[in-house]
Amino acid sequence: MNDLTISATEYQSRRRLVLDQIAEDAVVIIPAASERIRTGDSTFSFRQNSDFYYLTGFDEPDAVLVLAKVHQQVRFILFTRPRDPARELWDGKREGLEGAVKHIGADEAYLFSEFKERLPTLLENRRQIYFPIGQCAHFDETLIQAMTGLQRMVRRGIQAPQQLCNIAPIVHEMRLIKSEAEIAMMRQAGAISVEAHKQAMKACKPNMYEYELEAELAYVFAKRGCRHVAYSSIVGGGCNACILHYITNQDKLKDGELVLIDAGGELYNYASDITTTFPVNGRFNSEQKALYELVLSAQQTAVKLIKPGLRWDEIQQTIVRVLTEGLVALGILKGHVDTLIEEGSYRRFYMHLSGHWLGLDTHDVGAYKEGDNWRLLQANMVLTVEPGLYIAAGSEGVDKKWWDIGIRIEDDVRVTSEGYEVLTPGLPRTVADIEAFMAAS
Ligand code: GLY
Ligand code: MN
Ligand code: MN
């Protein structure tokens, strides 16, 4: 067991903060995730809906959170599954109605199976319904039906809601700024993922299969308490590294090639997201070294910029400039740097963005723009910085010696009050460090 936790008080204050941002007579309704069948009657490993989890810490399927203010007090109602000794014998313990109140902090708890029937009562005299619009068609329909049903009863003096509002932007803005407890969790997820990447780097030898490195990662994640990966691990040797979300991981790792690993553990639903690129045989050749050092320079230059007030797009602009200058210096791009940037010539070799917010989701929530303007960084936002260069075989006008090299370097970074903290420190990153680390393994 890990001793990192988010306290009941923190969940409570998140719920209050949601209600403080909407009208007194509004109601918030957010469903939990359901289990999904993988094959026959066996399910995928359960993953809670991130918004629901953020407001409850409750990790069971088939539940609904209802929040409303009653006489200015927060009323938290949780619909959940009942205790069921027969089912619990097979599938594990449930909180049930009693646990929902005692352990999850609900003021009232009801059976999930009664949600639809109780819904009209919950909506009565509420003017707006806030819910995650469009995430589940069936849920949208249930709410709309209940609302229109109530609207037909206005002659009896019942006030029915008239507006459906999206709760997502409110919760997502809150999720964008991480609390101390969340940061501690993400630091730990980062430390475990760093160890996993180091383990894969140590184990790597020519003629191994990509999935063998995936296994090394998985072992460390599981051993250190990350019960899941934050996303399917990417282990791509040679040309596979040029496929951005390659997860097949079935090919042989060949002597003389680079391997790109993009993998992160998920700890209590918090993601980490790291990419390392290193030579399968432990030694870079001169083309690999030149491109690797260019990507590393772009990454480190961009990370060093991070502080409150930095505009989101300045990270990408910096990366693009460093990469374009480097590609010109290496003769891979030809022309004037400013013109090449204007024309987007780098996109042939660097086709993604500088990174993304990170949190309960790998590509975490929160707006990147405020109105027409790119957002300014604030303390306790967490983002990835992940430039790359991908030169696929057959790249026209590019000397063959550069082909089949795919490189990405990615770290997770927290904005501090004055600068930044790398949440994934301690990886061998320079060419010399990687070669020394692999030689010593
Ligand atoms: N691993 C997905 C990403 O880096 O965005
Ligand atoms: Mn990644
Ligand atoms: Mn990423």
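Remember, it's a predicted structure, so these values are computed and weren't measured experimentally.

A. Layout of the coordination of the manganese ion (ligand 3). Surrounding the manganese ion (ligand 3) are the protein donor atoms Asp 273 (OD), His 356 (NE2), Glu 386 (OE) and Glu 410 (OE), which sit 2.0 to 2.2 Å from the metal. Because the angles between the 6 donor atoms bound to the manganese ion (ligand 3) fall within 49 to 157 degrees, the donor set is best described as irregular. Counting residues between consecutive donors of the manganese ion (ligand 3) along the chain gives the motif D-x82-H-x29-E-x23-E. Separation of the manganese ion (ligand 3) from the manganese ion (ligand 2) amounts to 3.2 Å, with Asp 273 serving as a shared donor to the pair.

B. Representation of the site of ligand 1 in the model. Surveying the vicinity of ligand 1 reveals the residues Tyr 231, Asp 262, Asp 273, His 356, His 363, Glu 386 and Glu 410. Side-chain polar atom of His 356 to an oxygen atom of ligand 1: 3.1 Å apart, as the coordinates give it. If ligand 1 stood free it would expose 200 Å²; the protein chains cover 92% of that surface. Partitioning the shell around ligand 1 into residue classes produces 1 nonpolar, 2 polar and 4 charged.

C. Here's a closer look at the confidence of the model for the protein. When pLDDT is averaged across the protein, the result is 97; 100% of the residues are at 70 or more. For the protein, the element scoring lowest by mean pLDDT is helix α6 (residues 137-151), at 93; strand β20 (residues 411-415) scores highest, at 99.

D. Spatial organisation of unusual backbone geometry. For Asn 249, which is not glycine, the phi dihedral falls at a positive 55 degrees. Within the secondary structure layout, Asn 249 lies in the loop between β10 (234-237) and β11 (258-263).

E. Structural view of a nonpolar patch on the surface. A cluster of nonpolar residues, Ile 133, Ile 144 and Leu 164, forms a patch on the protein surface that exposes about 210 Å² of accessible area. One can find Ile 144 in helix α6. For Ile 144, a relative accessible area of 37% puts it in the partly exposed group.

F. Inspection of the side chain of His 356 at higher detail. Looking at the element boundaries, His 356 is found in the loop between α12 (337-343) and β15 (369-370). Apart from residues no more than four positions distant in its own chain, His 356 is found in contact with Asp 273, Trp 312, Thr 362, His 363, Tyr 368, Val 382, Leu 383, Thr 384, Glu 386 and Glu 410.

G. Region of the structure containing the sheet that holds strand β7 (residues 128-131). Taken together, the 6 strands give an open sheet; going across it, the order is β6-β5-β4-β1-β7-β8, and neighbouring strands pair in mixed fashion. Across the chains shown, the open sheet's two edge strands, defined by having one partner strand only, are β6 (108-111) and β8 (163-166). On average, each strand axis in the sheet is inclined to that of its neighbour by 25 degrees, with strand direction left out of account. In this structure, strand β1 (residues 26-31) lies alongside strand β4 (residues 64-70), joined through 5 bridges in antiparallel fashion. Paired with Val 28 across the bridge in β4 is Leu 67. This element, helix α5 (residues 115-123), spans β1, β4, β5 (73-80), β6 and β7 of the sheet and lies at about 160 degrees to β1. Taken strand by strand, α6 contacts β1, β4, β7 and β8, and its axis lies near 170 degrees from that of β7.

H. Highlighting the coordination of the manganese ion (ligand 2). Around the manganese ion (ligand 2), the protein contributes the donor atoms Asp 262 (OD), Asp 262 (OD), Asp 273 (OD) and Glu 410 (OE), which lie 2.0 to 2.4 Å from the metal centre. Here the manganese ion (ligand 2) binds 6 donor atoms, and the angle range of 56 to 170 degrees at the metal identifies the geometry as irregular. Donor residues for the manganese ion (ligand 2), ordered by position in the chain, follow D-x10-D-x136-E.

Thresholds applied
Residues numbered from 1 in each chain as written. Chains lettered and ligands numbered in written order. Predicted model: local features only at pLDDT ≥ 70, side-chain atom pairs only at ≥ 80, totals over all residues. Heavy atoms only, no water. Donors = N, O, S within 2.8 Å, 3.2 Å for Na, K, Ca; no water. Tetrahedral: all angles 85-135°; square planar, octahedral: opposite > 155°, others 65-115°. Near = heavy atom within 4 Å. Polar contact = N/O pair within 3.5 Å; in protein donor to acceptor, adjacent residues only side chain to side chain. Areas by Shrake-Rupley, 256 points an atom, 1.4 Å probe, with all protein chains shown as cover. Nonpolar A, V, L, I, M, F, W, Y, C, P; charged D, E, K, R; others polar. pLDDT = per-residue confidence, 0-100. Helix = DSSP H or I, 4+ residues; strand = E, 2+ residues; numbered from the N terminus. Patch = residues over 30% accessible without salt bridge, like charges linked within 9 Å, V, L, I, M, F, W, Y side chains within 5 Å. Salt bridge = Lys/Arg side-chain N within 4 Å of Asp/Glu carboxyl O. Buried < 20%, exposed > 50% of the residue type's maximum accessible area, 1.4 Å probe, protein only. Contact = heavy atoms within 4.5 Å. Pairing = 2+ DSSP bridges. Axes fitted to C-alpha atoms, helices over the stretch in contact; angles between N-to-C directions.

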